[in-house]
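A closer look at the structure
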Amino acid sequence: MADYIDLDGAEQAFGDTDAQRAVRENDRNFVFHSWSAQGQINPLPVAKGEGVRFWDYDGTEYLDFSSQLVNLNLGHQHPGLVRAIQEQAGRMATIQPAMANDVRGELAKRIVEKSFDGARSVFFTNGGAEANEYAVRMARHHTGRQKVLARFRSYHGSTATAITLTGEARRWPNGTPDAGVVHFFGPYQYRSEFYSESPEQEAERALTHLEHTIQLEGPNTIAAIILETVTGTNGIFVPPPGYLTGVRELCDRYGIVLICDEVMAGFGRTGEWFAYQGFDVKPDLVTFAKGVNSGYVPLGGVVISDEIHNTFVDKAFPGGLTYSGHPLACAAGVATFDIFEEEGIIERVRDLAARVIEPRLREITAKHKSVGEYRGTGMFWALELVANRDSREPLAGDAYNAVIAACKNAGLWPFAAGNRLQIAPPLVISEEDLVRGLEIIDAALDVADSYY
Ligand code: PLP
C-alpha cells in the first residue's frame, strides 16, 4: 500500500478525548441528521481514516466493512485520489457546466469507453438521486410517455422522483411527489412472492408479473423501467439467470427505456466495471455515483445511449445543475480509473470473492442457525438473519441489535440493513483484513444463535 497523507488537524485531534467531546457537542447542538429522529441518535465522531480503517477521536479503531455508505471503493485517504484533488484545486477549482474542461471531458470519455456498446455521452450530477431524476426526465422526453415502473425492494434516492421510485419504507412518509411511478415485484427467491422453487422459475414468474403490470398500466404510457442491477441496501439481490435479459426483451417489445441504477453496484463492486456487464444485458441509461470517485467529492451521473443522446441533438435538454461535472470531483474520477488499472482492482475483487468470501460465507451459513441464507457477488454480500430457519422469520429487535453491537465491539463496522448483515468492504481490502473481518462476523453470530 502507498504512503498515506496525514492531515495535520486530524493528527492533532487524534487520541484526544476532549476533541471527541467537542465534536459530539457541536454535532448534537447544530447538525440536523438525515433519516433520523434527532433526539434518538448518537453519531460516532470520526477523526481519521486510512485504507480500510477509521478511528474515533479516542483512538478506537474500526475495520470498515460498509465502505461508509458503500461508496468508499478505494478506501479512506487513498493518496492517488487525495493528490488528484489537491492538484486540481491548485489549477482550477471550479468552472460552470456550460464551459468545457479537461478533467470533465476526460472522465466522460473514460466512462463511455467502459460502458455498453452504443453508449454515447455522460450527464454529470452531484449524486445518485439526482442521476435517477435526470435519467427519468430523459426517458420521458425521449419516449413522450410519463409512467415509470420501479421495484418494491429498491432504494433510488431521496429527492422527489427518486423517493417515489424507491419501493421500500423510506418512501412512505414522503407521499407521492411523482404521480407517474408504479411499483412491481422483483425476484427474491428466499421469500418468493411467486411461490417458485428454483431461481429459473423465480425469474420466469417475475417476468410474467412484470409483463402483466406493463399490460395493465398501458404499454404506451410507460417511459421507463428502472432497477438496481444488483439490489443494494434492500438485500443484495443478484438477478437470477434470464431475468435481466427478459426485462430487456420486454423493454424492446413495448418501446420502454431500461434504466440500470448502478449507484451502489457500479465501479467494481460486483467484480465488473458496471454490474450489468455480468448479465449480458445492454441498458439504455445507466446511473452512477459513489464508486466513481469513492465519494471524495460529490459526483454522480447518467450514461446515455446513442439513441437517447440523439433526441437532444436538435432539441434542448431541459435541465441542469450549477455543479454538474465539478472539476474537483471529476479529477478524482479520472484518478479512480488510473488506480483501478494500476492496482488491478476488478481482478482482485473477483479473486477474493471466489477464493475467500464465498467459501467463508458458505461455512458461516452452515454453522449458524441464525443465518437463513447468504447471497451476493464481488464485494457485495448479505447474510439473511432469521429467528427461525423453518419459518424464515426475520431476526429483529434485541437479537439483531446484539449482533451488530458485537461486531462493533470487536472493531468491525458492518453494513447493517433490515434483518441482514451485509458485507461491502472497500475493494482495496487485503486478504488478511477480509479474513479477520469475516472471523469477527462469525463470532458475532454466536450471539444471534444464543437468542434462538
Ligand atoms: N440509488 C441507489 C441504488 C443507492 O444505493 C443510492 C444511495 O444509497 C441512491 C440511488 C441515492 O444516491 P445519493 O444518496 O447519492 O443521492
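Residues numbered from 1 in each chain as written. Predicted model: local features only at pLDDT ≥ 70, side-chain atom pairs only at ≥ 80, totals over all residues.

1. Comments concerning the pairing of strand S3 (residues 61–64)
Relative to S3, strand S2 (residues 53–55) runs antiparallel, the two sharing three bridges. Bridge pairing links Arg53 to Leu63 in S3. The loop that links S2 with its antiparallel partner S3 comprises five residues; one of these, Gly59, has a positive phi angle of about 100 degrees. One ladder, built from two bridges, connects S3 with strand S14 (residues 412–413); its direction is parallel. For Asp64, the partnering residue across the bridge sits in S14 and is Trp413. (Pairing = 2+ DSSP bridges. Helix = DSSP H or I, 4+ residues; strand = E, 2+ residues; numbered from the N terminus.)

2. Topic: the environment of His142
Following the sequence through the fold, His142 ends up in helix H6 (residues 128–143). The class for His142 is buried, based on 21 C-beta atoms found within 10 Å. Setting aside its immediate chain neighbours within four residues, His142 contacts Val257, Ile308 and Thr311. (Buried ≥ 20, exposed ≤ 12 C-beta atoms within 10 Å, placed from the backbone. Contact = placed C-beta atoms within 7 Å.)

3. Points about the nonpolar core
One broad trend across soluble globular proteins is that nonpolar side chains are buried collectively. Among the nonpolar cores identified, the biggest contains 122 residues, and Ala224, Ile225, Ile259, Leu285 and Val302 are the most heavily contacted of them. Here this core takes 10 residues from helix H11 (residues 327–342), the largest share from any one element. Counting residues domain by domain, this core receives three or more from each of domain 1 (44–77 + 345–451) and domain 2 (80–343). What Ile225 contacts, discounting residues up to four positions off in sequence, is Leu149, Val247, Cys251, Ile256, Leu258 and Ile259. (Core = buried A, V, L, I, M, F, W, Y, C linked by C-beta atoms within 7 Å. Domains from an automatic or database assignment.)

4. Details of the sheet that holds strand S6 (residues 181–184)
Read across the sheet, seven strands follow the order S4-S10-S9-S8-S7-S5-S6 without closing on themselves; strand pairing throughout is mixed. Among the strands making up the open sheet, the edge pair consists of strand S4 (119–125) and S6. Sheet twist, expressed as the mean angle between neighbouring strand axes with direction ignored, is 20 degrees. Here four bridges tie strand S9 (residues 285–288) to strand S10 (residues 300–305), and the two strands are oriented antiparallel to one another. The residue of S10 that forms the bridge with Phe288 is Gly301. (Axes fitted to C-alpha atoms, helices over the stretch in contact; angles between N-to-C directions.)

5. Looking at the packing of helix H4 (residues 79–91) against H11
The interhelical angle for the contact between H4 and H11, taken along N-to-C directions, is 145 degrees, at an axis separation of 8 Å. Once H4 is placed against H11, the crossing between them reads as right-handed. Across the interface between the two elements, Gly80, Leu81, Ala84, Ile85, Gln88 and Ala89 from H4 touch Pro327, Leu328, Ala331, Ala332, Val334, Ala335, Thr336, Asp338 and Ile339 from H11. By residue class, the composition of the contact of H4 with H11 is 11 nonpolar, three polar and one charged. (Left-handed = near helix turned anticlockwise from the far one by under 90°. Nonpolar A, V, L, I, M, F, W, Y, C, P; charged D, E, K, R; others polar.)

6. Overview of the sheet that holds S3
Read from one edge to the other, the open sheet built from four strands follows the order S1-S2-S3-S14, with strand pairing classed as mixed. Where the open sheet ends on each side, the last strands, each with one partner, are strand S1 (48–50) and S14.

7. Things to note about the site of the ligand
Near the ligand lie 16 residues; those nearest to it are Gly127, Gly128, Ala129, Gly157 and Val263. Counting residues per element, the shell around the ligand draws most heavily on H6, at three residues. Considered class by class, the residues forming the shell around the ligand number six nonpolar, eight polar and two charged. (Near = placed C-beta within 6 Å.)

8. Focus: the pairing of strand S8 (residues 257–261)
The element S8 is largely enclosed, with a buried count of five among its five residues. Of the two faces of S8, both are covered, the one formed by Val257, Ile259 and Asp261 as well as the one formed by Leu258 and Cys260. Both strand S7 (residues 222–228) and S8 contribute to a ladder of five bridges, which runs parallel. Note that in S8 the partner of Ile225 across the bridge is Leu258. For the crossover that starts at S7, traverses helix H9 (residues 243–254) and ends in the parallel S8, the hand is right-handed. The pairing of S8 with S9 spans three bridges and is classified as parallel. Note that in S9 the partner of Asp261 across the bridge is Thr287. (Right-handed = clockwise from strand over helix to strand, strands pointing away.)

9. Comments concerning the domain arrangement of the protein chain
As far as domains go, the protein chain holds domain 1 (44–77 + 345–451) and domain 2 (80–343). Between the C-alpha centres of domain 1 and domain 2 the distance comes to 26 Å. Taken together, the 30 residues of domain 1 in the interface contact 26 residues of domain 2. Secondary-structure elements contributing two or more residues to the side of domain 1 that touches domain 2 are helix H3 (67–70), helix H12 (345–367), strand S11 (371–377), strand S12 (380–388) and strand S16 (420–423). The class makeup of the residues in the side of domain 1 that touches domain 2 is 14 nonpolar, 10 polar and six charged.

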